[in-house]
Amino acid sequence: MPWVLLLNKCSSFLKSGQRMVQVSTEPEVDVWEILRKAPPSEYEKIAFQYGITDLRGMLKRLKKMKKEEKKSAAFLKKLDPAYQVEKGHKIKLQIEVANPDAEVKWLKNGQEIQITGSKYIFESIGNKRFLTINNCSLADDAAYTCVIGDEKSFTELFVKEPPVLIVRNLEDQMVMKGERVEFECEVSEEGAQVKWEKDGVELTRDESFKYRFKKDGCKHVLIINEATKEDSGHYRVKTNGGQSLAELLVQEKELEVYQNIADLTVKAKDQAVFKCEVSDENVKGIWYKNGVEVKADARTHITHIGRIHKLTIDDVRPEDEGDYTFVPEGYAFNLSAKLNFLEVKIDYVPRQDPPKIHLDCMGKTADSTILVVAGNKLRLDVPITGDPAPTVVWTKAEKDKSKNAPEEGKREPAFIWTLKDGEVVTDSGGRVHVESSKGHCIFTIEGAERQDEGVYSVIVRNPAGEDTADINVKVVDVPDPPHAPRILSVGEDSCIVQWDPPLFDGGQPVLGYVLERKKKKSYRWMRLNFDPFKETTYEAKRMIEGMAYEMRVYAVNAIGMSRPSAASEPFVPVAPSSEPIGLCVDDISDTTISLKWRTPEKVGSAGIDGYGVEYCKEGTDEWIPAFEGLTERTSVIIRDLPTGERMQFRVRAFNVAGPSPPATLPQAVTIREIMQRPKIWIPRNLRQTLIKKVGETVNLVIPFQGKPRPKVTWMKNGEPLDPKHVSVRNSDTDSILFIRKTERKDSGVYELQVQIENVEDKASVTIQIVDLPGAPQNLKVVDVWGFNVALEWKPPKDNGNCDIIGYTIQKADKKTMEWYTVYEQYRRTNCVVSDLIMGNEYIFRAFATNMVGLSPEPCMSKDSAYIQKTGIVYKPPSYKDHDFSEAPKFTRPLVNRSVIAGYNATLSCSVRGIPKPKITWYKNKMDISNEAKYRTFSEQGVLTLEIRKPCPFDGGVYTCKAVNSSGEDTVECKLEVRPQITKEDLKK
C-alpha cells in the first residue's frame, strides 16, 4: 500500500480546508516518500512534476508525520496519510504494532467505531491489525484514527462518487403555439442533481413559473406549460458525467379543414346547402359568390355553429348558379365550390319517343373527364328520356375511346351491366352498383381505386331507337413516396439533401415536397417545412454539430401527401476547422526548408484528419503538394527544393467537411542556408549554483544555436575534462554533460564554448557537490548551576562543502543511557540545557547539520554534569475564603389582585439572598405575621401569604419585607375584596 493515493481531478473530491492537495492522475505514485527523502531545494521541482498545488500545506503535514514517527514506540507501521475508495467498494486499513498483545481502538471523526452488522470488520493477525469498511458510502468519507494507549495513527479516507451518466437522452420536439412541452431524460442514479440550460443560459424557476422541473427517481423532466415562439431553441441537460441536447420548434397553429365544401347540382325550387368544417370553432369567415360577398336575406341563410359553417339557399333559381367561396378570417386560403342549376326541359313527344341521354344537363360534355379521388365514392347520375322506358347498358372499356374513334380502336368491353325496368345490379365484389329510375340511370363505385380509371359507356335502347354516351373517369391519388434522399454535403449546422421525384405522381402534378429529420438514436421525426418545397434539392439548417441525423421526404400533390420515403444514410454535420496558426520557418538550407505551425483554434467535433502542405514559386498560382496524402504532425521538412528560388508555402487542415482556409507565410522565402551566430541558452535552473549530493547523477542539457554546426568545447576550472569520469555528447542543437556518480572533487566551474569560424560564445555552470558534515569539535561542560548546564563546542573541520545550518544537542542520564534531543538546528556554538533532574548525572553529545543532513558521528562531551540536591521547604499557598454573601432581592414581585369575599386568597413572590433573609408581611404597614387570619409559607425562596376567607375589610396594601446582614428589600401590591352576588342582587 503506498503512502498516499493520488487524488483524481474531480473537484468535488477535494474538501475545502481539511483535505489533501490535488495532484496528477498518475496511479499510485508515493509522493510523500519522495518528499521525505528529497532535500528542501528539490521540493519545488517535485511539486511541479506531480502537479501539487498546495506545497506549503503538504510540507506542514510532512513535518507533522516526521515528528509522529520519531515519537512512536507502539507502532511498527502506521496508517498511510490518506486512502481513496470508490463508492460501493470496500477498503482495508492496516497497521503493525510493536507488541503483538497490544489492544487497539479504531475511531471515526473522534468517535469509537462499534461493531454493527457487516459494515465494519476488525482483524488481528500477529503484529498486524486490520479495519475493513464494506460498501463505502459518502458518509464514510471521514478521518480515521487507530489508538494504542496514548499513541495515535491518523489517516483520511476519501470516497470517490462515480459520475452521474445520462442513460436516455432528450428528444427533439416540434409543437404548436400554446401546447405543453415536456423534455424528459433518465440518469444513472436516483436523486442526482441536474442543470437545465436553454441556448447556453441556465434555467431557473422565475416569478412567472415559466419552467417547471420534475424529478421522479432517475427521470428528470423540464415542463413548459404553454409554449410560445420565444421558447424555440436548444435545450441542454447537464450532469457531472455528461450532457444531452435537444431542439424545440414552436409553430403557429394552422387551420385544418375537416370537411370541404362540395359542388352542387340543384333543380329549381330545391334547397342548396354549402357546408364546411374547420379545426378552430372560434374562427369566423365570409361567404362570396363570384367574388362578391353574400349577404343574408329571406332566401339566403348563413350559420356558424362550433366548427361548422353553412350557407343555405332556399327556392334555388337560375341566377343562383355560380362559384361560391368561403374565406376564414385571418388565414390566407379559401374553400370553393360550384352551384349548377339543373333546368329540366320537357318537350312534347309522341308516344314512341326514341331514348335520349342528357349529359349536357350535368354541365359535362361528351368528351369531359370526371375526376375522383382514390378511396372516395364515384357516382354517375345520367338523366335519360324515352318512351317506352329504355333499357340501360353500362360498359367499361380497357382503354379510353370516344364515339369518333377509328374502327380499329374498338374492342369488346371488359365489363357489361344491363338494366331494365328499374332493376338494381351489384357486382360480386360489392363495390359497383347500377340502378335506374324514372328519368335517371345511376352508376356507383364505392371506394374508387386506380384500376377503376377508364372510359365508361352508357347505352339506352327502346323500340324507337338508341343513344350512347361515353364518360371518361380518371382516378387521382396521392403520389408514390420519393426515393431515399441523398446527402450531398454537410456544414457546421446544415446539410444539402437531394432526392428524385416519385415514379407515379398520383394523376396530379406534384406541388412540392415536405422534409423531416431526426437524430439517429431517436424515434421522433421533426418537420422542416410546412409549405411544399418545389425543388428537389434542399438546405437543412439548425442542426447540432457532431450529432448523427437521418432525413426523409414526402411528395405532395393536390390530393394530399404521400407516404414517407426511406430514410437517408446517417450523416453528421461538421464544419471545416479554422486555419492552422503560427506558421513559420523553423530551419532552412540550400535544398530543404523546415516548417512548423500550431493546431487551429477551432477544431470542431469532427477533429482533424491531417494537414496538407503546398508550395509554389513566387509570382505563380500553381500550388504543388509537398508530399502525397496528409500528415498528422505539426512540423514538416520539405526537401529537393530549387536552390536560390523564392518560394511561397501554405498549410491547410483537413477533416470530413473538407479543407480549412490556408495559413500562408507572410512573404516568400529564398531557399538558401543562412549563417547564424553561435548562441548558448543556459536553462534558468542552471543560472545559479547546481547543488548535488555525493553519489548522485549530474545530467546537464545545454541548448545552443548556430549554423553551420558549431564546434563545442567543455572546460573545468580552465582545464580539459577527464573523459574517463565525465561524458559529453553533442548534437546540432545542444550539448549534454553527464557524470554517473559524483564525488567531492567534481565541484567547480564548468565552461562551455561554441565556435563557428572566428565567432564564439561562452557560458559557465557552477556545480557544488555536497556531503554530510563531520562531527563538531571539543564539546565540553562549561558550568553547572541549579538544574542547568552550560555547554560549548567548536564547528566541525569538514562542513561537507556547504554551510552548517545548525546543531542537534542531545542529553542522556548515565543510569539509562537513553538519548533525548534538547535542541534541533541550533545555530550557535554554545547553549544552556535546563530542566535537569536533581541527583542525576548527565552526559551530552552534538551533531552538526548541513543541507544534506546530520553528521554520521556525534561529538561526545569529555566530562559529565552532576545535578546537586538542595534543601527545599514546601510552603503551602494561602487562599482567602470567597465571600458569598448577597443582599436580599425579590426576583418576582407581588401582583395586584381582586378576589371575592368568602373564598381563600393567596399572594406570592420570590426572593433570593445569602444568608437566608428574614421575611415579614405587612398590611397597610401593620405587621400581620402573628395574626391567626393569615398563614405564611416559604419554599426554596418562594414566599406565599394565605388570607383565610377575606371580607371587604381585608382589602388594602400588602407588603413583603426581606432582611439579612447584607441589606433589605420590599415589594407590595393592592388587594381588592369584592362582595358576593346574592339572588336578590340578580333580581335587581
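Computed from a prediction, not measured in an experiment: that's the story for all the values here.

(A) Seen up close, the side chain of Thr312. For Thr312, the location among the structural elements is in strand β25 (residues 308-313). Its relative accessible area of 14% is what places Thr312 among the buried residues. If we skip the residues at most four places from it in the chain, Thr312 touches Gln271, Ala272, Val273, Arg299, Thr300 and His301.

(B) Summary view of the pattern of salt bridges. For the structure shown, the criterion picks out 36 salt bridges. Of the charged contacts, one joins Lys108 and Asp140 as a salt bridge, the two residues approaching to 3.6 Å between their closest N and O atoms. With Lys108 in strand β4 (residues 105-108) and Asp140 in the loop between β7 (128-133) and β8 (143-148), the pair connects residues that are 32 residues apart, well separated along the chain. Just as Lys108 is buried, Asp140 falls in that class too. Between Glu277 and Arg307 there is a salt bridge, with its nearest N and O atoms 3.3 Å apart.

(C) Fine view of the sheet that holds strand β15 (residues 211-216). If you trace the 4 strands from one edge of the open sheet to the other, you get β10-β12-β16-β15, paired in antiparallel fashion. Strands at the two margins of the open sheet, each flanked by one partner only, are β10 (166-168) and β15. Strand-to-strand twist in this sheet, taken as the mean axis angle between neighbours without regard to direction, amounts to 30 degrees. Strand direction decides the pairing type here: β15 and strand β16 (residues 219-224), joined by 6 bridges, are antiparallel. When the sheet's bridge partners are listed, Lys215 is paired in β16 with His220.

(D) Structural view of the environment of Trp106. Note that Trp106 resides in strand β4. In this structure the C-alpha to C-alpha distance between Trp106 and Ile148, which are 42 residues apart in sequence, comes to 9.3 Å. In contact with Trp106, other than residues within four places in its own chain, are Leu79, Leu93, Ile95, Gln111, Glu112, Ile113, Phe122, Arg129, Phe130, Leu131, Thr145 and Cys146.

(E) Representation of the nonpolar core. In this structure, Ile357, Leu380, Val382, Trp394, Phe443 and Ile471 are the most contacted members of the largest nonpolar core, which totals 24 residues. Elements supplying a minimum of two residues to this core: β29 (369-373), β30 (378-387), β31 (391-396), β34 (432-437), β35 (440-445), β36 (454-462) and β37 (465-476). In this structure, Phe75, Ile91, Trp106 and Ile133 belong to the second largest nonpolar core, which totals 22 residues.

Calculation rules
Residues numbered from 1 in each chain as written. Predicted model: local features only at pLDDT ≥ 70, side-chain atom pairs only at ≥ 80, totals over all residues. Heavy atoms only, no water. Helix = DSSP H or I, 4+ residues; strand = E, 2+ residues; numbered from the N terminus. Buried < 20%, exposed > 50% of the residue type's maximum accessible area, 1.4 Å probe, protein only. Contact = heavy atoms within 4.5 Å. Salt bridge = Lys/Arg side-chain N within 4 Å of Asp/Glu carboxyl O. Pairing = 2+ DSSP bridges. Axes fitted to C-alpha atoms, helices over the stretch in contact; angles between N-to-C directions. Core = buried A, V, L, I, M, F, W, Y, C linked by side-chain atoms within 4.5 Å.

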